[in-house]
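Per-entry structural report
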Amino acid sequence: MADATTLTRSEYKDCRTAWSETLSELAKADDRIVAVVNDSIGSSKLGDFAKAFPERTINVGIAEQLMVGVGAGLANGGKVPFVSAAGCFLTGRALEQIKADVAYSGYNVKLVGQSSGVAYGELGATHHSIEDLGWLRQLGQITVIVPADSWETAQAVRWAADHDGPVYLRVSRMKVPDLDIADRVFRPGRAEIVCKGSDIAVLACGTTVHLARDAAAALSKDGISARVLNVSTINPLDEEAVAEAAATGHIVTVEEAHIRGGLGGAVAEWTAANHPCRVTRMGFDGFRTTGSVEHLFEDAGLTAKGIAAQVRRVLSR
């Protein structure tokens, strides 16, 4: 298992590249696939898609509510629309349309929240997207997926294109390393075991999974056996995996999102009702200060060192 400190910068990959290349590949074989954007072709990495399929690239301008409505209309007409925009604007400005036109109607729309979490660091809270998981997982019709790396991003795009129903894909802007897991199979609704362990369980998603993995490697040197799970599907939650994690007696959730309503909220709700155990949530709590992504992660303890320290505090209680 590679430690993050041994990886070169070139081994960190932009999940947006995996998303856009996979979409172009799928579109060659399926003419129902269309892209709908809000003047975000560049930030969505859809430049090559637009060149290859200009008639299947719909740019509505900076009009997110219209964008989601157009996506719903295209789905109603038999197309498979991938509606792509910055997560903060897609889920914030167009939440009513997502609720009524997509979730309530059950239309086959694929919502793609780009540059999610605090990826727009210095632009501040207006551009941070840390509430999206809490908003969307309550709309039960929508499958909510937070890929951990470029491989899982590509697999999630393929699955979403084939799945009949609304999906929200949360795509990272920050580069992350691919997880070193043998014989990986993408299974929506099922958590993935990254590290085995019995003393405590760390449940992570998205950009924090490799950090949790590195924290477990550091903890193992102190004789602490930490199980790490990649919980990429927030809705529906893998309740069986959460139950097994709760059996350790301690769960730490880690996410680049608000601790209320996202992965931490979902795990806390389920364990409180079904398998009580200590649940400690790591992530963001409320509006963040303006600063670099690195500063924001460090400030919230979202580093391998910070996660390991939190695990030690939990176990020492």
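Our subject in this report is the structure included herewith. The structure presented is a predicted model; accordingly, all values stated were derived computationally and were not measured.

Rules and cut-offs
- Residues numbered from 1 in each chain as written.
- Predicted model: local features only at pLDDT ≥ 70, side-chain atom pairs only at ≥ 80, totals over all residues.
- Heavy atoms only, no water.
- Axes fitted to C-alpha atoms, helices over the stretch in contact; angles between N-to-C directions.
- Helix = DSSP H or I, 4+ residues; strand = E, 2+ residues; numbered from the N terminus.
- Left-handed = near helix turned anticlockwise from the far one by under 90°.
- Contact = heavy atoms within 4.5 Å.
- Nonpolar A, V, L, I, M, F, W, Y, C, P; charged D, E, K, R; others polar.
- Polar contact = N/O pair within 3.5 Å; in protein donor to acceptor, adjacent residues only side chain to side chain.
- Pairing = 2+ DSSP bridges.
- Salt bridge = Lys/Arg side-chain N within 4 Å of Asp/Glu carboxyl O.
- Buried < 20%, exposed > 50% of the residue type's maximum accessible area, 1.4 Å probe, protein only.
- Core = buried A, V, L, I, M, F, W, Y, C linked by side-chain atoms within 4.5 Å.
- Expected span 1.5 Å × (residues − 1).

Focus: the packing of helix α1 (residues 15-29) against helix α7 (residues 150-162)
It is the contact of α1 with α7, at a shortest axis distance of 8 Å, that shows an interaxial angle of 35°. Here the hand of the crossing between α1 and α7 comes out right-handed. Contacts between α1 and α7 involve Cys-15, Ala-18, Trp-19, Thr-22, Leu-23, Glu-25 and Leu-26 from the former and Ser-150, Thr-153, Ala-154, Val-157, Arg-158 and Ala-161 from the latter. The residue makeup of the contact of α1 with α7, split by class, is eight nonpolar, three polar and two charged.

Overview of the environment of Arg-288
Looking at the element boundaries, Arg-288 is found in the loop between β14 (278-284) and α11 (293-299). In this structure Arg-288 touches Ala-125, His-128, Leu-296 and Asp-299, once residues within four positions along its chain are discounted. At a separation of 2.9 Å, a polar atom in the side chain of Arg-288 contacts the side chain of Asp-299.

A few points about the sheet that holds strand β5 (residues 110-114)
The seven strands are arranged β3-β2-β4-β5-β7-β6-β12 in an open sheet whose pairing can be described as mixed. Each edge of the open sheet carries a strand with a single partner, namely β3 (57-59) and β12 (233-235). Within the sheet, the average angular offset between the axes of one strand and its neighbour, ignoring direction, is 20°. Strand direction decides the pairing type here: strand β2 (residues 33-37) and strand β4 (residues 80-86), joined by five bridges, are parallel. When the bridges of β4 are listed, Val-34 appears paired with Pro-81.

Digging into the pattern of salt bridges
Applying the stated rule across the entire model yields 15 salt bridges. With a shortest N-O distance of 2.7 Å, Arg-184 and Asp-149 are connected by a salt bridge. A residue pair is termed long-range when its members are at least 10 positions apart, and Arg-184 in the loop between β8 (176-177) and β9 (192-195) and Asp-149 in the loop between β6 (143-145) and α7 qualify at 35 residues. Between Asp-299 and Arg-288 there is a salt bridge whose closest N-O contact spans 2.9 Å. One end of the pair, Asp-299, is in helix α11; the other, Arg-288, is in the loop between β14 and α11, with eleven residues separating them in the sequence. Taken together, the shared-partner salt bridges in this structure form one network comprising Asp-14, Arg-16 and Lys-45.

Examining the side chain of Ser-115
Relative to the helices and strands, Ser-115 resides in the loop between β5 and α6 (132-136). You can call Ser-115 buried: its relative accessible area is 1%. There is a polar contact of 3.5 Å between the side chain of Ser-115 and the side chain of Tyr-120. Non-local contacts of Ser-115, meaning those with residues more than four positions away in its chain, are made with Arg-16, Tyr-120, Val-171 and Arg-173.

Quick notes on the pairing of β4
Among the seven residues of β4, seven are classified as buried, and the element is accordingly described as predominantly covered. With five bridges joining them, β4 and β5 adopt parallel strand pairing. For Ser-84, the partnering residue across the bridge sits in β5 and is Val-112.

What to know about the nonpolar core
Val-68, Val-83, Leu-90, Leu-111, Ile-142, Tyr-168 and Leu-203 are the most contacted members of the largest nonpolar core, which totals 38 residues. Those elements that place two or more of their residues in this core are α3 (64-76), β4, α5 (95-104), α6, β10 (200-204), α9 (239-246), β13 (250-258) and α10 (263-274). Judged by nonpolar contacts, the second largest core, of 33 residues, contains Val-118, Val-202, Ala-226 and Val-314.

Description of the sheet that holds β13
One open sheet accounts for five strands, arranged β9-β11-β10-β13-β14; its pairing is mixed. Among the strands making up the open sheet, the edge pair consists of β9 and β14. On average, each strand axis in the sheet is tilted by 25° relative to the strand beside it, whichever way the strands run. Where β10 lies against β13, four bridges are found, and the strand directions are parallel. In the sheet register, Val-202 faces β13, and the bridge partner there is Val-252. Seen against the sheet, α9 touches β10, β11 (226-230) and β13 and runs at an angle of roughly 130° to β13. Packed on one face of the sheet, α10 meets β10, β13 and β14 and runs near 145° to β13.

What to know about α1
Taking 1.5 Å per residue, 15 residues should reach 21 Å; α1 reaches 22 Å between its end C-alpha atoms and fits that length. Every buried residue belonging to α1 is among Cys-15, Arg-16, Ala-18, Trp-19, Ser-20, Thr-22, Leu-23, Ser-24, Leu-26 and Ala-27, and all of these are buried. At the N-terminal end of α1, a side-chain oxygen is found 2.8 Å from the backbone nitrogen of Arg-16, two or three residues along, and the residue is Asp-14.

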